[in-house]
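As a plain string of letters, each chain reads:
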Amino acid sequence: PKDPVQASHFVSEGRTLYCLELVKYISPDDDTEAMDQKTDRLLAKLDYIPYTLFQSEASYVEFLDRVHLSEIKLREKGMWDVPHPWLNLLVPRSSIYVFAREVFGNILPDNRNGPILMYPVNQSRWNANTSMITPGEDVFYLVAFLSSAVSCSTGRNGLQNMLDQNKRILDFCGRVNLGVKQYLPHCSTQEEWKTHFGTKWELFARRKLRYDPLAILAPGQRIFRKANTMSR
(Lines give C-alpha, C1' and ligand atoms only; values in the text may rest on other atoms or scores of the structure.)
Protein backbone atom coordinates (compact mmCIF):
# COMPACT_ATOMS: atom_id res chain seq x y z
CA PRO A 1 0.00 0.00 0.00
CA LYS A 2 1.08 3.57 -0.65
CA ASP A 3 0.18 4.49 2.95
CA PRO A 4 0.72 1.33 5.06
CA VAL A 5 -0.27 2.93 8.36
CA GLN A 6 -3.64 4.24 7.20
CA ALA A 7 -4.33 1.08 5.16
CA SER A 8 -3.82 -1.12 8.23
CA HIS A 9 -6.62 0.73 10.05
CA PHE A 10 -9.10 0.71 7.18
CA VAL A 11 -12.58 -0.65 7.97
CA SER A 12 -15.18 -1.12 5.22
CA GLU A 13 -18.09 -0.75 7.66
CA GLY A 14 -20.13 -3.29 5.71
CA ARG A 15 -19.98 -1.35 2.45
CA THR A 16 -19.50 -2.94 -0.96
CA LEU A 17 -16.14 -1.73 -2.24
CA TYR A 18 -14.87 -1.90 -5.82
CA CYS A 19 -11.20 -2.25 -6.73
CA LEU A 20 -10.15 -0.57 -9.98
CA GLU A 21 -7.00 -1.93 -11.63
CA LEU A 22 -5.00 0.59 -13.66
CA VAL A 23 -1.90 -0.12 -15.73
CA LYS A 24 0.68 2.47 -16.77
CA TYR A 25 3.22 1.25 -19.31
CA ILE A 26 6.76 2.55 -18.82
CA SER A 27 10.25 1.75 -20.11
CA PRO A 28 13.48 1.39 -18.11
CA ASP A 29 14.69 4.72 -19.50
CA ASP A 30 11.69 6.70 -18.23
CA ASP A 31 12.20 9.17 -15.42
CA THR A 32 10.67 7.65 -12.26
CA GLU A 33 9.60 10.96 -10.74
CA ALA A 34 7.96 12.09 -13.98
CA MET A 35 6.08 8.80 -14.24
CA ASP A 36 4.85 9.15 -10.66
CA GLN A 37 3.56 12.63 -11.44
CA LYS A 38 1.69 11.34 -14.52
CA THR A 39 0.15 8.56 -12.44
CA ASP A 40 -0.93 11.05 -9.76
CA ARG A 41 -2.61 13.22 -12.41
CA LEU A 42 -4.54 10.22 -13.72
CA LEU A 43 -5.63 9.19 -10.23
CA ALA A 44 -6.69 12.75 -9.40
CA LYS A 45 -9.62 12.33 -11.80
CA LEU A 46 -11.02 9.46 -9.71
CA ASP A 47 -13.10 9.54 -6.54
CA TYR A 48 -11.44 6.91 -4.35
CA ILE A 49 -10.07 6.31 -0.84
CA PRO A 50 -6.42 7.47 -1.13
CA TYR A 51 -4.91 5.22 1.54
CA THR A 52 -6.35 2.09 -0.10
CA LEU A 53 -4.09 2.65 -3.11
CA PHE A 54 -1.71 -0.22 -3.84
CA GLN A 55 1.13 0.17 -6.34
CA SER A 56 3.55 -2.36 -7.79
CA GLU A 57 6.04 -2.44 -10.63
CA ALA A 58 6.54 -5.46 -12.87
CA SER A 59 8.06 -6.32 -16.20
CA TYR A 60 5.73 -6.73 -19.18
CA VAL A 61 6.19 -10.52 -19.15
CA GLU A 62 5.47 -10.68 -15.41
CA PHE A 63 2.31 -8.65 -15.94
CA LEU A 64 1.06 -10.95 -18.70
CA ASP A 65 1.92 -14.03 -16.61
CA ARG A 66 0.47 -12.75 -13.32
CA VAL A 67 -2.28 -15.39 -13.21
CA HIS A 68 0.32 -18.16 -13.52
CA LEU A 69 2.25 -16.72 -10.57
CA SER A 70 -0.93 -16.92 -8.51
CA GLU A 71 -1.39 -20.51 -9.68
CA ILE A 72 2.07 -21.45 -8.41
CA LYS A 73 1.32 -20.03 -4.96
CA LEU A 74 -2.04 -21.81 -4.78
CA ARG A 75 -0.51 -25.12 -5.88
CA GLU A 76 2.04 -24.85 -3.08
CA LYS A 77 -0.85 -24.56 -0.62
CA GLY A 78 -2.84 -27.37 -2.26
CA MET A 79 -5.60 -24.93 -3.23
CA TRP A 80 -5.43 -25.10 -7.03
CA ASP A 81 -6.88 -28.51 -7.94
CA VAL A 82 -10.26 -27.82 -6.35
CA PRO A 83 -13.75 -27.27 -7.86
CA HIS A 84 -14.17 -23.87 -9.55
CA PRO A 85 -17.92 -23.17 -9.97
CA TRP A 86 -17.33 -20.04 -12.05
CA LEU A 87 -20.22 -17.93 -13.29
CA ASN A 88 -19.75 -15.40 -16.11
CA LEU A 89 -22.59 -13.00 -16.89
CA LEU A 90 -23.07 -10.22 -19.43
CA VAL A 91 -25.14 -7.47 -17.82
CA PRO A 92 -26.66 -4.57 -19.81
CA ARG A 93 -25.56 -1.12 -18.70
CA SER A 94 -29.17 -0.14 -17.93
CA SER A 95 -29.42 -3.06 -15.46
CA ILE A 96 -26.02 -2.99 -13.78
CA TYR A 97 -27.13 -0.87 -10.81
CA VAL A 98 -30.12 -3.10 -9.96
CA PHE A 99 -27.93 -6.17 -10.50
CA ALA A 100 -25.14 -4.91 -8.21
CA ARG A 101 -27.53 -3.76 -5.49
CA GLU A 102 -29.19 -7.17 -5.17
CA VAL A 103 -26.23 -9.47 -5.87
CA PHE A 104 -23.58 -7.65 -3.85
CA GLY A 105 -25.99 -6.30 -1.25
CA ASN A 106 -28.07 -9.41 -0.51
CA ILE A 107 -26.94 -12.60 -2.29
CA LEU A 108 -23.19 -12.11 -1.81
CA PRO A 109 -22.82 -9.49 0.92
CA ASP A 110 -19.56 -10.98 2.21
CA ASN A 111 -17.77 -12.86 -0.55
CA ARG A 112 -14.53 -14.61 0.39
CA ASN A 113 -14.56 -17.47 -2.11
CA GLY A 114 -12.65 -15.80 -4.92
CA PRO A 115 -12.35 -12.61 -6.98
CA ILE A 116 -15.26 -10.96 -8.77
CA LEU A 117 -14.20 -9.17 -11.94
CA MET A 118 -16.22 -6.51 -13.77
CA TYR A 119 -15.35 -5.20 -17.24
CA PRO A 120 -17.33 -2.66 -19.26
CA VAL A 121 -17.53 -3.79 -22.90
CA ASN A 122 -18.53 -2.02 -26.11
CA GLN A 123 -20.96 -4.01 -28.24
CA SER A 124 -19.11 -2.83 -31.36
CA ARG A 125 -16.06 -4.88 -30.33
CA TRP A 126 -17.96 -8.15 -30.75
CA ASN A 127 -18.37 -10.04 -34.01
CA ALA A 128 -22.10 -10.32 -34.67
CA ASN A 129 -21.54 -13.28 -37.03
CA THR A 130 -20.63 -15.68 -34.23
CA SER A 131 -23.02 -17.65 -32.03
CA MET A 132 -21.96 -15.63 -28.99
CA ILE A 133 -25.05 -13.97 -27.47
CA THR A 134 -24.69 -10.56 -25.85
CA PRO A 135 -27.23 -8.15 -24.32
CA GLY A 136 -28.98 -5.86 -26.76
CA GLU A 137 -27.32 -2.62 -25.66
CA ASP A 138 -24.31 -0.65 -26.89
CA VAL A 139 -22.51 -1.12 -23.57
CA PHE A 140 -22.67 -4.08 -21.19
CA TYR A 141 -20.61 -5.45 -18.31
CA LEU A 142 -18.84 -8.78 -18.06
CA VAL A 143 -19.25 -9.86 -14.43
CA ALA A 144 -17.15 -12.91 -13.58
CA PHE A 145 -17.57 -14.77 -10.27
CA LEU A 146 -14.34 -16.78 -10.00
CA SER A 147 -15.03 -18.95 -6.96
CA SER A 148 -12.88 -21.75 -5.58
CA ALA A 149 -14.52 -24.37 -3.39
CA VAL A 150 -13.13 -26.57 -0.63
CA SER A 151 -14.01 -30.10 -1.71
CA CYS A 152 -14.75 -31.57 1.71
CA SER A 153 -16.56 -28.53 3.12
CA THR A 154 -20.31 -28.27 3.67
CA GLY A 155 -20.11 -24.64 4.81
CA ARG A 156 -19.96 -21.31 3.00
CA ASN A 157 -16.76 -22.29 1.18
CA GLY A 158 -18.23 -25.61 0.01
CA LEU A 159 -19.13 -26.46 -3.57
CA GLN A 160 -22.88 -26.90 -3.01
CA ASN A 161 -23.19 -23.52 -1.31
CA MET A 162 -21.48 -21.80 -4.25
CA LEU A 163 -23.66 -23.61 -6.77
CA ASP A 164 -26.73 -22.50 -4.79
CA GLN A 165 -25.47 -18.91 -4.85
CA ASN A 166 -24.96 -19.08 -8.60
CA LYS A 167 -28.52 -20.34 -9.01
CA ARG A 168 -29.88 -17.53 -6.83
CA ILE A 169 -28.09 -14.98 -9.01
CA LEU A 170 -29.44 -16.52 -12.22
CA ASP A 171 -32.94 -16.84 -10.77
CA PHE A 172 -32.91 -13.17 -9.76
CA CYS A 173 -31.77 -12.05 -13.21
CA GLY A 174 -34.52 -14.07 -14.86
CA ARG A 175 -37.24 -13.06 -12.40
CA VAL A 176 -36.57 -9.33 -12.71
CA ASN A 177 -35.92 -9.62 -16.46
CA LEU A 178 -32.64 -7.71 -16.46
CA GLY A 179 -31.70 -8.83 -19.96
CA VAL A 180 -28.63 -10.67 -18.64
CA LYS A 181 -26.92 -13.24 -20.83
CA GLN A 182 -24.75 -16.01 -19.47
CA TYR A 183 -21.41 -16.79 -21.07
CA LEU A 184 -21.21 -20.55 -21.72
CA PRO A 185 -24.62 -21.34 -20.22
CA HIS A 186 -25.72 -24.81 -19.12
CA CYS A 187 -29.16 -25.43 -20.60
CA SER A 188 -30.89 -28.81 -20.38
CA THR A 189 -33.61 -28.37 -23.01
CA GLN A 190 -33.96 -26.82 -26.44
CA GLU A 191 -36.57 -24.42 -25.10
CA GLU A 192 -34.02 -23.06 -22.64
CA TRP A 193 -31.55 -22.63 -25.50
CA LYS A 194 -34.19 -20.77 -27.52
CA THR A 195 -34.69 -18.41 -24.60
CA HIS A 196 -30.94 -17.86 -24.40
CA PHE A 197 -30.57 -17.09 -28.12
CA GLY A 198 -33.73 -14.96 -28.22
CA THR A 199 -34.27 -13.27 -31.59
CA LYS A 200 -31.08 -14.87 -32.96
CA TRP A 201 -32.38 -18.44 -32.57
CA GLU A 202 -33.74 -18.73 -36.12
CA LEU A 203 -30.45 -17.55 -37.62
CA PHE A 204 -28.50 -19.95 -35.41
CA ALA A 205 -30.80 -22.86 -36.36
CA ARG A 206 -30.43 -22.11 -40.09
CA ARG A 207 -26.67 -22.11 -39.80
CA LYS A 208 -26.77 -25.42 -37.95
CA LEU A 209 -28.97 -26.94 -40.65
CA ARG A 210 -26.64 -25.71 -43.37
CA TYR A 211 -23.27 -26.70 -41.92
CA ASP A 212 -24.24 -29.66 -39.70
CA PRO A 213 -27.56 -31.02 -40.99
CA LEU A 214 -27.18 -34.34 -39.15
CA ALA A 215 -26.42 -32.57 -35.84
CA ILE A 216 -23.23 -34.58 -35.41
CA LEU A 217 -21.23 -31.80 -33.75
CA ALA A 218 -21.54 -30.87 -30.05
CA PRO A 219 -24.30 -33.34 -29.05
CA GLY A 220 -23.51 -32.92 -25.35
CA GLN A 221 -24.97 -29.42 -25.24
CA ARG A 222 -28.43 -30.83 -26.12
CA ILE A 223 -29.29 -27.96 -28.44
CA PHE A 224 -30.26 -30.12 -31.43
CA ARG A 225 -31.21 -33.77 -31.74
CA LYS A 226 -28.86 -35.96 -33.70
CA ALA A 227 -30.41 -37.33 -36.90
CA ASN A 228 -31.18 -41.07 -36.71
CA THR A 229 -30.69 -41.80 -40.39
CA MET A 230 -28.57 -40.30 -43.08
CA SER A 231 -30.47 -39.14 -46.17
CA ARG A 232 -28.94 -39.69 -49.59
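Heads up: these notes are all about the structure in this document.

Definitions and limits used
Residues numbered from 1 in each chain as written. Predicted model: local features only at pLDDT ≥ 70, side-chain atom pairs only at ≥ 80, totals over all residues. Heavy atoms only, no water. Salt bridge = Lys/Arg side-chain N within 4 Å of Asp/Glu carboxyl O. Helix = DSSP H or I, 4+ residues; strand = E, 2+ residues; numbered from the N terminus. Buried < 20%, exposed > 50% of the residue type's maximum accessible area, 1.4 Å probe, protein only. Patch = residues over 30% accessible without salt bridge, like charges linked within 9 Å, V, L, I, M, F, W, Y side chains within 5 Å. Areas by Shrake-Rupley, 256 points an atom, 1.4 Å probe, with all protein chains shown as cover. Lys, Arg positive; Asp, Glu negative; His and termini not counted. Charge placed at Lys NZ, Arg CZ, Asp CG, Glu CD. Core = buried A, V, L, I, M, F, W, Y, C linked by side-chain atoms within 4.5 Å. Contact = heavy atoms within 4.5 Å.

This part takes up the pattern of salt bridges. For the structure shown, the criterion picks out 7 salt bridges. Between E71 and R75 there is a salt bridge, with its nearest N and O atoms 2.8 Å apart. You can see E71 and its partner R75 sitting in helix 4 (residues 66–76), 4 residues apart, about one turn around the helix. Overall, E71 belongs to the buried group, its relative accessible area being 18%. Given a relative accessible area of 42%, R75 falls into the partly exposed group. Across the pair D81 and R75 runs a salt bridge, and its minimum N-O distance is 3.4 Å.

Among the surface-exposed residues, D29, D30, D31, E33, D36 and E57 lie close enough to one another that they form a single negatively charged patch. Mapping E33 onto the fold places it in helix 2 (residues 32–43).

On to the nonpolar core, then. Inside soluble globular proteins, nonpolar side chains tend to come together where they are buried. Counting residues in each nonpolar core, the largest one holds 17 residues, and the members touching the most others are L89, V91, F99, V103, F145, I169 and C173. Mapped onto this core, the elements with two or more residues apiece are strand 1 (87–92), helix 5 (96–107), strand 3 (139–145) and helix 6 (159–176). The element contributing the most residues to this core is helix 5, with 6 residues. The residues contacting C173, other than those within four sequence positions of it, are L89, F99, L178 and V180. Formed by 8 residues, the second largest nonpolar core is a distinct cluster that contains C187, W201, F204 and I223.

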